[in-house]
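One-letter residues, chain by chain:
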Amino acid sequence: MKKRNVIVVGGGLAGLSAAYRLLLSGNAEVDLFESKPTLGGRVQSRMVRDQHVDFGGFLMYPWYEESHRLFEDLGIAERLAKTPLSDIYYFLDGDGIAVKEDDVPFSIADGMKIWGKSFFQMLPKPNLASPDLERFGDVTVSEYLRATLGTDGHAGLYETFFDTVNQGYCYGPVTESKAAFMAPIVRQVKIHGDIRTTSFFPEGGQVLVDRLAEKIVALGGRIRLDSPIVAVDDLSVRTDAETFRADAIVFAQTVSDELYRQILPEVVPECRYTHFVTAAVELDRTPIVANTRDWGAAFYAPDETTPHQALSAIRMSSLYGPALDGCVMVNVVVRGRSDAALSTDEIQKIILDETVRLFPGNGTGAVVDSVHWTKTMPVSQEPFVRSVRERHGKNGYYFAGDFLGAPSIETAIATGAAAAKDLLQNFQNASAV
């Protein structure tokens, strides 16, 4: 089979994964376009006290099959280390009392209802690159819990806990997040290992991004940074500078990108993004959580009435060692501002206000570094995903990444690999005709 020209739009993990798999086959020439000056998307490592620290996704679950396969291929699997988090605490109501996960007073009867109804829906092993959209009937996580428990309104502690965890990881509220996209992740965590079984790259997740980029270039791929695609016409893409023609295109950019309206003009991109600021803050000493300084992470129940709120915090020394004593990382949701950019002064004030609120008695702190994620996590809808799937593989268009919603490192890498596999198969079928 002769080599075909492929354009990959987007330099996050989905686009990088697709480009790498295409080049590895030896049957494609690849040009990868990234609108920003750096690769990696939500994987960003920064320096804090001379230590590489992740400000985006970094936990690798043991059931991340496609990810671990990629780590082995890239020769970086041995650089993973078991995540050394201490106890994780949850603040689930307004009384300021924290509980560990194993001590959350769930109703046994409610638990039996939820897991009893969910067992056969969640039993089949999910394909994170292609979740079953019909199994949960287009309902949100909240709607599913409320219907299962037979409540007219809020589903109680289970809904509060799911929402606290969901938003603490920067996902959308459970009143918006769809069960079809979240259930596969919940299923894998429950059966194959929760956060206590995860691993991470102590030198920062950037090692994955850098190695992928190195391999792509070594295999003959071309990476074009600072090169946003402004228009698509059939199998041609245009930047501000020039036009490029390909035999196929993999779209792995954010769904809010104008390109989705060009390539799917009949479809409304039903996918919004959460808006967060992630910050490393240096305090005068390690703050107390649940009457101890030996804690790993804390999650806080969302209060939708506030314009911004810290929803999770990590004691950074629990991950990266004593060199980061006194440093915490906080994830602060910004509500009501859509994807609007915040000024530097606004970001500083929000971070410091929230740090003082969470950890009184530790001074105002100092912001070491922060990342403003105006498009943090996609919250997608099933009709949109169905429309994308219908177009996938037709007329040379393939899709990976954010359109599925509920992203994870595994979802990004798996959808990128799946797009490459489908594309190569179609090339092979065309050559055989």
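Up top is the structure these notes are about.
This one's a predicted model, so the numbers in the text were calculated from it and none came from an experiment. Here, residues in each chain are numbered from 1, in the same order as that chain's written sequence. The model is predicted, so local features are restricted to residues of pLDDT at least 70 and side-chain atom pairs to those at 80 or more, both for listing and for counting; the totals for chains, interfaces and linings are taken over all residues. Computation of side-chain values: all heavy atoms of the structure, hydrogens and water removed.

So, the sheet that holds strand β16 (residues 297-300)
Pairing between two strands requires that DSSP report at least two bridges joining them. Only DSSP runs of H or I covering at least 4 residues are called helices, and only runs of E covering at least 2 are called strands; the numbering of each starts at the N terminus. A sheet is described by the order of its strands in space; here seven strands give the open sequence β7-β6-β16-β17-β18-β15-β19, paired in mixed fashion. Lying at the two open borders of the sheet, with one neighbouring strand each, are β7 (98-100) and β19 (366-373). Looking at each pair of strands side by side, their axes are set apart by 25° on average, direction ignored. As paired elements, strand β6 (residues 88-91) and β7 share three bridges and run antiparallel to each other. Bridge pairing links Y89 to K100 in β7. Any two residues whose heavy atoms approach within 4.5 Å are treated as being in contact. Angles run from 0 to 180 degrees between N-to-C directions of axes, and those axes are lines fitted to C-alpha atoms, restricted for helices to the stretch in contact. On top of the sheet, helix α5 (residues 157-168) reaches β6, β15 (276-282), β16, β17 (308-315) and β18 (327-334); it is set at about 120° to β16, its chief contact.

Let's talk about the environment of D247
With respect to the helices, strands and loops of the structure, D247 is situated in the loop between β12 (243-245) and β13 (248-251). Relative accessible area decides the class of each residue, using a 1.4 Å probe on protein chains only: under 20% of the type maximum gives buried, over 50% gives exposed, and in between gives partly exposed. By relative accessible area, D247 is classed as partly exposed at 34%.

Quick word on the sheet that holds strand β9 (residues 222-224)
Read from one edge to the other, the open sheet built from five strands follows the order β9-β2-β1-β13-β21, with strand pairing classed as parallel. Sheet topology places β9 and β21 (397-399) at the edges, where each strand pairs with a single neighbour. The sheet shows a mean angle of 20° between the axes of neighbouring strands, direction not considered. Where strand β1 (residues 4-9) meets strand β2 (residues 28-33), six bridges bridge the pair, whose relative direction is parallel. The residue bridging V9 from the neighbouring strand is F33, located in β2.

Digging into the side chain of Q188
Structurally, Q188 is set in helix α6 (residues 179-192). The exposure class of Q188 is buried, given its relative accessible area of 4%. Reaching out from Q188, the side chain makes a polar contact with the side chain of R187 at a distance of 2.5 Å. What Q188 contacts, discounting residues up to four positions off in sequence, is W63, P126 and G193. Two N or O atoms count as a polar contact when they lie within 3.5 Å, although within protein this holds only if one can serve as hydrogen donor and the other as acceptor, and sequence-adjacent residues are included solely when both atoms are side-chain atoms.

What to know about the packing of helix α3 (residues 108-122) against helix α4 (residues 141-149)
Look at α3 against α4: their axes get within 9 Å of each other, and the N-to-C directions meet at 115°. In terms of orientation, α3 lies roughly perpendicular with respect to α4. The element α3 and its partner α4 pack so that their crossing is right-handed. Mapping the contact onto sequence places D110, K113, I114, K117, S118 and Q121 in α3 and Y144, L145, T148 and L149 in α4. Nonpolar residues are Ala, Val, Leu, Ile, Met, Phe, Trp, Tyr, Cys and Pro. Charged residues are Asp, Glu, Lys and Arg, and all others, Gly as well, are polar. Class assignment for the residues of the contact of α3 with α4 results in four nonpolar, three polar and three charged. Here the angle decides the label: under 35 degrees means roughly parallel, over 145 means roughly antiparallel, 65 to 115 means roughly perpendicular, and every other value means oblique. Note: crossing handedness is left-handed where the near helix turns anticlockwise from the far helix by less than a right angle, and right-handed where it turns clockwise.

Quick word on the state of the cysteines
Cysteine sulfur atoms are paired as a disulfide whenever they fall within 2.5 Å. The tally for this structure, following the rule as stated, stands at zero disulfides. In this model C327 remains outside any disulfide bridge; the closest cysteine sulfur is found in C170, 19 Å from its own. Assessed through its relative accessible area of 1%, C327 is described here as buried.

Here we look at the side chain of T83
Its place among the elements puts T83 in the loop between β5 (81-82) and β6. Judged by relative accessible area, T83 falls into the buried class, the value being 6%. Looking at T83, its side chain comes within polar contact range of the side chain of T198, at 2.9 Å. At 3.4 Å, the side chain of T83 and the backbone nitrogen of S199 are in polar contact.

Topic: helix α10 (residues 344-358)
Take the residue count of a helix, subtract one, and multiply by 1.5 Å to get its expected span. Over its 15 residues, α10 extends 21 Å from the first C-alpha to the last, a length consistent with the 21 Å expected when each residue adds 1.5 Å. Buried residues of α10: I347, I350, I351, E354, T355 and L358, and no others. Within α10, the buried residues cover an arc of 125° as seen down the axis, which keeps them to one side. Set apart from the buried face of α10 by more than 90 degrees, the exposed residues are D345 and K349. Taken together, the buried residues of α10 touch β15, β16, β17, β18 and β19. By construction, the arc corresponds to the directions joining the helix axis to the C-beta atoms.

Concerning unusual backbone geometry
Although it is not a glycine, D226 adopts a positive phi angle of roughly 55°. Among the structural elements, D226 can be located in the loop between β9 and β10 (231-233). Positive phi is not limited to glycine here, since D234 has a value of about 60°. Turning to its location among the elements, D234 is positioned in the loop between β10 and β11 (236-238).

Observations concerning the layout of surface pockets
Here a cavity denotes a set of grid points, spaced 1 Å apart and computed over the protein atoms alone, in which a 1.4 Å probe fits but from which it cannot get out, and a pocket denotes an open set meeting protein on both sides within 12 Å along at least five of seven lines; residues with an atom within 4 Å of a point are reported as lining. Grid points are joined across faces, edges and corners, and a volume is the space filled by probe spheres set on the points. Looking at the second largest pocket, its volume works out to about 540 Å³. Along the walls of the second largest pocket sit 24 residues, with N127, A129, S130, A414 and A418 positioned nearest its centre. Elements supplying a minimum of two residues to the lining of the second largest pocket: α2 (65-74), α11 (382-391) and α12 (409-432). If you tally residues by element for the lining of the second largest pocket, the top one is α12, at eight residues. Here the lining of the second largest pocket is composed, by residue class, of 11 nonpolar, five polar and eight charged.

A word on the packing of aromatic side chains
The pairing test for Phe, Tyr and Trp rings, Trp by its six-membered ring, is centres within 6.5 Å, and the orientation test on the planes gives stacked under 30 degrees, edge-to-face over 60, and tilted for anything in between. The full count for this structure, using the stated rule, is 18 aromatic pairs. Ring plane angle 55° and centroid distance 5.5 Å describe the contact between Y61 and Y64, whose orientation is recorded as tilted. Given a relative accessible area of 12%, Y61 falls into the buried group. Given the relative accessible area of 5%, Y64 is considered buried. By the ring-pair criterion, three or more aromatic residues cluster together here, those being Y90, F106, Y158, F161, Y169 and F299. A positively charged side chain is recorded as over a ring if its NZ (Lys) or CZ (Arg) lies within 6 Å of the ring centre. The angle to the ring normal must also be within 35 degrees. One cation-aromatic arrangement involves R4 over F427; the distance from NZ or CZ to the ring centre is 4.9 Å. Directly above the aromatic system of F55 lies the positively charged group of R46, at a separation of 5.9 Å from the ring centroid.

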